[in-house]
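# Tertiary structure, described
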Amino acid sequence: MKRDINVLKVSAVCMALLAVLAALSLLALSIGSADYSVPQIINALLYEERGPIHVVVYNLRLPRLIMAIEVGACLAVAGALLQAVMRNPLADPGIIGVSAGAATAATTVLLLFPSMLAAVPLFAFGGAALACVLIYVMAWHDGVDPVRIILSGVAINTVLGAYNAFLQMLNSDNLANVLAFMNGSLSGCNWQQIYVITAYSSVGIILGLCCIKSANILQLGDEMATSLGVNVSWVRVFLSAVGAFLAASTVAVAGMIGFIGLVVPHIARMLVGSDYKALLPVSTLLGAVLLLAADTLGRTLISGMEIPVGIVMAATGGPFFLYMLRKKGRVSGS
């Protein structure tokens, strides 16, 4: 009976999140520098092919909406998986060097090789993957321990952060593109980027859903997992690889967006508990909802000015992070 109640609760939460996501999507398509009604949007998407409303809605707002949904879902799933790997409720994609590696590669290209701007997503993805591999090589000693991963990640983040700061100091007159990347922004995204992130996010989220059983086993502790015949080290490596893949994909197309991977899994735990069978699907939907809401707020809060979504998430995620520190036991599901 208890299991049935949990299934009903999870289903209700998912349906509510889907309804909120649909409402936010209509709102995001409706408001901006020019406001349109729902009938105008539907008419522009289905019947008008060259009208001004069609150009704004289909070419500008719709790709941005889809990008926000997919980036939010990917970062949330990445954060949930990495919290299982580290057994640390305060873990997020940045802890394994994904963000620092991507930022280093992107900053290098933007400042030293400006003629290769089109290749920034590819280099950002490669830098994130390389940093993740380097951290695991450093952390490996008869297996992988969460503490060694965190310490290696802190060391790599510090070194790469110093390199980024030094590079920016040497090129202080040419930081416009770098600042846009570092602040995280969905502005200017196009359908070509949507095709790329859709391909990566589909593969990554499917792999993430395949990790549900492994994530639940890791929560039992290393000794219990080992007694069940699980190779804990390799499970950690695989889950981290999936998390890094998801996070790197989003960084490559949207820049540095923080706190989604940290905040969303905690809210999901408060809603449905810590079982990854419920936690991962709810985190996916909740991540999409929160990032779409943050992006819509950022581009409409101040008339004539757009606040990057990374700044909006930092401003709202920071206070929630402090709340988690005060209420750590309850939020972490213990």
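Just so it is clear, the structure is predicted and the values come from calculations on it, not from any experiment. (Residues numbered from 1 in each chain as written. Predicted model: local features only at pLDDT ≥ 70, side-chain atom pairs only at ≥ 80, totals over all residues. Heavy atoms only, no water.)

On to the overall build of the protein, then. Looking only at helices and strands, the protein features 15 helices and zero strands. A compact globule built from 334 residues would reach a C-alpha radius of gyration of about 20 Å, and the protein, at 20 Å, matches this within 12%. With the principal axes as the frame, the protein shows a C-alpha extent of 65 × 60 × 35 Å. Within the protein, buried positions represent 49% of all 334 residues. Restricting to contacts in the protein with at least 6 residues of sequence separation, those with at least 24 account for 76%. Within the structure as shown, the protein displays about 15800 Å² of accessible surface, and the carbon and sulfur contribution to it stands at 68%. Of the side chains in the protein, 17 bear a positive and 14 a negative charge, and the two mean positions are spaced by 10 Å. (Helix = DSSP H or I, 4+ residues; strand = E, 2+ residues; numbered from the N terminus. Rg over C-alpha atoms; globule rule 2.2 N^0.38 Å. Buried < 20%, exposed > 50% of the residue type's maximum accessible area, 1.4 Å probe, protein only. Contact = heavy atoms within 4.5 Å. Areas by Shrake-Rupley, 256 points an atom, 1.4 Å probe, with all protein chains shown as cover. Lys, Arg positive; Asp, Glu negative; His and termini not counted. Charge placed at Lys NZ, Arg CZ, Asp CG, Glu CD.)

The subject of this paragraph is the packing of aromatic side chains. In total, this model carries three aromatic pairs according to the counting rule given. Relative to F245, the ring of Y200 has its centre 5.7 Å away and its plane inclined at 70°; by these criteria the two rings are edge-to-face. Of this pair, Y200 sits in helix 8 (residues 191–210) while F245 is found in helix 11 (residues 232–254), placing the two residues 45 residues apart along the sequence. (Phe/Tyr/Trp six-rings, centres within 6.5 Å; stacked < 30°, edge-to-face > 60°.)

Between helix 3 (residues 52–86) and helix 13 (residues 276–300), whose axes approach to 7 Å, the crossing angle comes to 140°. One way to sum up the angle between helix 3 and helix 13 is to call them oblique. Judged by the twist between their axes, the crossing of helix 3 over helix 13 is right-handed. Residue classes in the contact of helix 3 with helix 13 are distributed as 15 nonpolar, five polar and four charged. (Axes fitted to C-alpha atoms, helices over the stretch in contact; angles between N-to-C directions. Parallel < 35°, antiparallel > 145°, perpendicular 65-115°, else oblique. Left-handed = near helix turned anticlockwise from the far one by under 90°. Nonpolar A, V, L, I, M, F, W, Y, C, P; charged D, E, K, R; others polar.)

A separate point is the environment of L45. With respect to the secondary-structure elements, L45 resides in helix 2 (residues 38–46). Looking at L45, the relative accessible area reads 30%, which means it is partly exposed. In contact with L45, not counting residues within four places along its chain, are H54, V57, Y58 and L62.

What sets the pattern is the α-helix's 3.6 residues per turn: residues three or four places apart point alike. Between the first and last C-alpha of helix 11 there are 33 Å, a value that for 23 residues agrees with the 33 Å anticipated at 1.5 Å per step. Of all the 23 residues making up helix 11, 18 are buried; the element is thus mostly covered by neighbouring parts of the structure. Backbone geometry just after helix 11 places G255 at a positive phi near 85°. (Expected span 1.5 Å × (residues − 1).)

Moving on to the pattern of salt bridges. Any two side chains of opposite charge can pair, given that their charged atoms come close. This structure, assessed with the given rule, holds two salt bridges. A salt bridge links R64 to D295, with the nearest nitrogen and oxygen atoms 2.9 Å apart. Taken as a pair, R64 in helix 3 and D295 in helix 13 lie far apart in primary sequence, 231 residues in all. Looking at D295, the relative accessible area reads 3%, which means it is buried. (Salt bridge = Lys/Arg side-chain N within 4 Å of Asp/Glu carboxyl O.)

A residue-level look at the protein finds 95% of positions with pLDDT of 70 or above and a mean pLDDT of 85. Mean pLDDT values over the elements of the protein span from 50, in helix 15 (residues 328–331), up to 94, in helix 13. Scored below 50 in pLDDT, residues 1–5 shows zero contacts in the model against residues more than four places distant or in partner chains. Predicted confidence is poor over residues 330–334, with pLDDT under 50, and the contacts of this stretch with residues over four places away or in other chains come to ten contacts. (pLDDT = per-residue confidence, 0-100.)

The next thing to look at is unusual backbone geometry. In this model, F259 sits at a positive phi of 75°, which is unusual for a non-glycine residue. Within the secondary structure, F259 sits in the loop between helix 11 and helix 12 (260–272). Relative accessible area serves as the criterion here: at 24%, F259 is assigned to the partly exposed category.

With that out of the way, let us pick up the environment of Y58. Among the secondary structure elements, Y58 is positioned in helix 3. Taking the C-alpha atoms as reference, Y58 lies 6.6 Å from L45; in sequence the two are 13 residues apart. With residues near it in sequence (within four places) discarded, Y58 still touches L45, I53, P63 and W191.

One can describe the packing of helix 2 onto helix 3 by two numbers: an axis separation of 8 Å at closest approach and a directional angle of 85°. One element, helix 2, and the other, helix 3, form an angle in the roughly perpendicular class. For the pair helix 2 and helix 3, the contacting residues are Q40, I41, A44 and L45 in the first and I53, H54, V57, Y58 and L62 in the second. Class assignment of the residues belonging to the contact of helix 2 with helix 3 gives a composition of seven nonpolar, two polar and no charged.

This part covers the nonpolar core. Ranked by size, the top nonpolar core spans 104 residues in total, and within it I96 and I149 carry the most contacts. Among the elements that take part in this core, helix 3 stands out by supplying 19 residues, more than any other. In this structure I96 touches L82, M86, A131, C132, I135, I149, S240 and A244, once residues within four positions along its chain are discounted. (Core = buried A, V, L, I, M, F, W, Y, C linked by side-chain atoms within 4.5 Å.)

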